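Residue-level structural notes
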Amino acid sequence: QVQLEESGGGLVQAGGSLRLSCAVSGSIFSDALMGWYRQAPGNQREMVAIISSDGSPHYADSVNGRFTASRDGAKNAVYLQMNDLKPEDTGVYYCNAQKSPFEFWGSGTQVTVSS
């Protein structure tokens, strides 16, 4: 059974930093496409960053240059380093794992950026 568990969210002032972690249990991690998504109140869930099994990341334009996604195969974990946070980064951040035909989601962690 695959489970994803996020941690590291919290309240931070604009310009600050947070590091999110996602622990992945199960045998999916090594060749899964991993991703971070977020959802703000009243908005649809959107992609923030995805990272392939070889570690190549892709970012949404809104976070490119400020956020860095990484993965650690030894720990079955993915990370999202978020710098220069802005109020519009506020939302629930979800970890995602995709390995066709399966897709898994974590329960999310709240990030709140105050102005």
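Within each chain, residue numbers correspond to sequence positions counted from 1 in written order. Local features in a predicted model are, by the rule used here, given only for residues with pLDDT of at least 70; side-chain atom pairs are given and counted only at 80 or more, and totals for whole chains, interfaces and linings are based on all residues. Side-chain calculation: all heavy atoms of the structure are included, whereas hydrogens and water are not.

1. Topic: the state of the cysteines
In what follows, a disulfide is any cysteine sulfur pair within 2.5 Å. Using the criterion set out here, one finds one disulfide in the structure. Here Cys22 is linked by a disulfide to Cys95, with a sulfur-sulfur distance of 2.1 Å. Disulfide Cys22 to Cys95: torsion about the S-S bond roughly -85°, handedness left-handed. Of this pair, Cys22 sits in strand β3 (residues 18-25) while Cys95 sits in strand β9 (residues 91-99), and the two are 73 residues apart along the sequence. Residue Cys22 shares its accessibility class with Cys95, and that shared class is buried. Strands here are runs of E lasting at least two residues and helices are runs of H or I lasting at least four, both read from the DSSP assignment and numbered beginning at the N terminus. Three exposure classes are used, based on accessible area relative to the maximum for each residue type with a 1.4 Å probe and protein chains only: buried under 20%, partly exposed in between, and exposed over 50%.

2. Points about the side chain of Asn96
Residue placement: Asn96 occurs in strand β9. By relative accessible area, which is 1% here, Asn96 ends up buried. N or O atoms closer than or at 3.5 Å make up a polar contact, with two conditions inside protein: a donor-capable atom paired with an acceptor-capable one, and, for residues adjacent in sequence, both atoms drawn from side chains. A polar side-chain atom of Asn96 sits 3.0 Å from a polar atom in the side chain of Glu103. In this structure the side chain of Asn96 is engaged in a polar contact, spanning 3.5 Å, whose partner is the backbone oxygen of Phe104. If we skip the residues at most four places from it in the chain, Asn96 touches Leu4, Leu33, Met34, Gly35, Tyr37, Glu103, Phe104 and Trp105. Note on contacts: a residue pair is in contact if any heavy atoms of the two residues lie within 4.5 Å.

3. So, the pairing of strand β1 (residues 3-7)
A regular strand places its side chains on the two faces of the sheet in alternate fashion. Here β1 shows a clear split, with Leu4 and Glu6 buried on one side and none of Gln3, Glu5 and Ser7 buried on the other. Inspection of the sheet shows β1 paired to β3 by five bridges, in the antiparallel sense. Each residue of the ladder has a partner; that of Ser7, found in β3, is Ser21. At least two DSSP bridges between two strands are required for those strands to pair.

4. Focus on the sheet that holds β3
One open sheet accounts for four strands, arranged β1-β3-β8-β7; its pairing is antiparallel. Each edge of the open sheet carries a strand with a single partner, namely β1 and β7 (67-72). For this sheet, the mean angle separating the axes of adjacent strands, direction not counted, is 15°. Helix axes are fitted to C-alpha atoms over the stretch in contact, other axes to C-alpha atoms as well, and angles between N-to-C directions run from 0 to 180 degrees.

5. Thoughts on the packing of aromatic side chains
Aromatic ring pairs are reported here in terms of the distance separating the ring centres and the angle at which the planes meet. Think of it this way: a Phe, Tyr or Trp ring, Trp meaning its six-membered ring, pairs with another when their centres are within 6.5 Å, and the plane angle makes it stacked under 30 degrees, edge-to-face over 60, tilted otherwise. Tallied over the full model, the rule gives three aromatic pairs. Aromatic pair Tyr37 and Trp105: ring centres 5.0 Å apart, planes at 70°, arrangement edge-to-face. Taken together, the residues span a long stretch of sequence, with Tyr37 in strand β4 (residues 33-39) and Trp105 in strand β10 (residues 102-105) at a distance of 68 residues. A relative accessible area of 15% places Tyr37 in the buried class.

6. Some points on the side chain of Arg71
Mapped onto the elements of the fold, Arg71 is located in strand β7. It is Asp54 that comes nearest to the buried, bridge-free Arg71 among opposite-charge side chains, at 7.1 Å. Within the structure, Arg71 has its side chain in polar contact with the backbone oxygen of Ala32 (distance 2.9 Å). Looking at Arg71, its side chain comes within polar contact range of the main-chain oxygen of Ile51, at 3.1 Å. Those residues in contact with Arg71, other than ones at most four positions away along the chain, are Phe29, Ser30, Ala32, Met34, Ile51, Ser52, Ser53, Gly55, Ala77 and Val78. Positive charges come from Lys and Arg, negative ones from Asp and Glu, while His and the chain ends are left out of the count. One side-chain nitrogen of Lys or Arg within 4 Å of one carboxyl oxygen of Asp or Glu is enough to make a salt bridge.

From the geometry alone we can't say anything about function, so treat these as descriptive.
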